[in-house]
Amino acid sequence: MEFGRAAVGNAKKQGKKPETFDFLGFTHIGARSRKGKFTVHVKTVAKRFRRGLKATADWCKQHRHDPVSKQQKMLNAKLRGHYQYYGRPSNYRSLWQFYRKVRRTWRTWLNRRTRGTTLTWERFAELLGQYPLLRPRITHSWAGAGSHA
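The text that follows walks through the structure, step by step, so that each part is easy to find. (Residues numbered from 1 in each chain as written. Predicted model: local features only at pLDDT ≥ 70, side-chain atom pairs only at ≥ 80, totals over all residues. Heavy atoms only, no water.)

Within the protein one finds five helices and three strands. Helices and strands appear in the protein in the N-to-C order α-β-β-β-α-α-α-α. Across the 149 residues of the protein, 32% fall into the buried class. Contacts spanning at least 24 positions in sequence make up 58% of the contacts within the protein whose residues lie at least 6 apart. Here the protein displays about 10400 Å² of accessible surface, and carbon together with sulfur accounts for 51% of that area. (Helix = DSSP H or I, 4+ residues; strand = E, 2+ residues; numbered from the N terminus. Buried < 20%, exposed > 50% of the residue type's maximum accessible area, 1.4 Å probe, protein only. Contact = heavy atoms within 4.5 Å. Areas by Shrake-Rupley, 256 points an atom, 1.4 Å probe, with all protein chains shown as cover.)

Quick look at the structure:
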């Protein structure tokens with residue numbers, strides 16, 4: 001496997017994408033910065049992403065009849081933990097996708113609490129105004145991206 005500064009150029013010459021590898025829940029990708037220098041970008045591994053969503057969906061299913069305020073606090077704790085681990089600058093797109101899918105999952109399970117009227121997106125938006133979920137945020141800066149071992 002070729003990875004590093006030269007690997008990006010060699011892959012481009014051969015008409016291929018640079019090789020990637022998975023480590024500690026991230027897919028590491030050799031890329032170029034905006035200034036043209038070599039950098040390593042990371043993205044949440046798809047398997048870990050799905051596992052986090054499944055755990056959140058299972059929790060929402062088990063606790064759908066709890067008060068909405070209690071659900072919101074717990075979901076925010078789960079989101080905060082996810083952002084604190086995966087919150088790298090090159091991983092923002094995955095964080096945003098995770099947030100959107102958690103929001104959709106929560107609406108799905110809140111909608112199943114009643115046999116009557118459905119929970120529309122407009123009503124859910126009002127509910128989110130009252131009980132907001134944490135928005136994605138970067139918790140690890142580029143300066144702190146190196147190893148401190």
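Let us now look at the packing of helix α2 (residues 46-62) against helix α3 (residues 68-86). The interhelical angle for the contact between α2 and α3, taken along N-to-C directions, is 170°, at an axis separation of 11 Å. Taken together, the axes of α2 and α3 are roughly antiparallel relative to one another. When α2 is examined against α3, the residues Arg48, Thr56, Trp59 and Cys60 are found in contact with a partner set consisting of Gln71, Met74, Leu75, Lys78 and Tyr86. Of the residues assigned to the contact of α2 with α3, the class counts are five nonpolar, two polar and two charged. (Axes fitted to C-alpha atoms, helices over the stretch in contact; angles between N-to-C directions. Parallel < 35°, antiparallel > 145°, perpendicular 65-115°, else oblique. Nonpolar A, V, L, I, M, F, W, Y, C, P; charged D, E, K, R; others polar.)

Moving on: the packing of aromatic side chains. For the coordinates displayed, the defined rule picks out seven aromatic pairs. Seen in terms of ring centroids, Phe49 and Phe98 are 5.7 Å apart; in terms of plane orientation they differ by 75°. Their pairing is edge-to-face. With Phe49 in helix α2 and Phe98 in helix α4 (residues 92-111), this residue pair connects regions lying 49 residues apart in the sequence. Across this residue pair, the class does not change: Phe49 and Phe98 are buried. Look at Trp106 and Phe124: their rings are 5.9 Å apart centre to centre, the planes differ by 75°, and that puts the pair in the edge-to-face class. (Phe/Tyr/Trp six-rings, centres within 6.5 Å; stacked < 30°, edge-to-face > 60°.)

Moving on, we get to the packing of α2 against α4. Put simply, α2 and α4 touch, their axes get as near as 10 Å, and they point 25° apart. Taken together, α2 and α4 sit at an angle that is classed as roughly parallel. Here α2 runs over α4; the crossing is right-handed. Together, Phe49, Gly52, Leu53, Thr56, Ala57, Cys60 and Lys61 of α2 and Ser94, Gln97, Phe98, Lys101, Val102, Thr105, Trp106 and Trp109 of α4 make up the contact between the two elements. Split by residue class, the contact of α2 with α4 holds eight nonpolar, five polar and two charged. (Left-handed = near helix turned anticlockwise from the far one by under 90°.)

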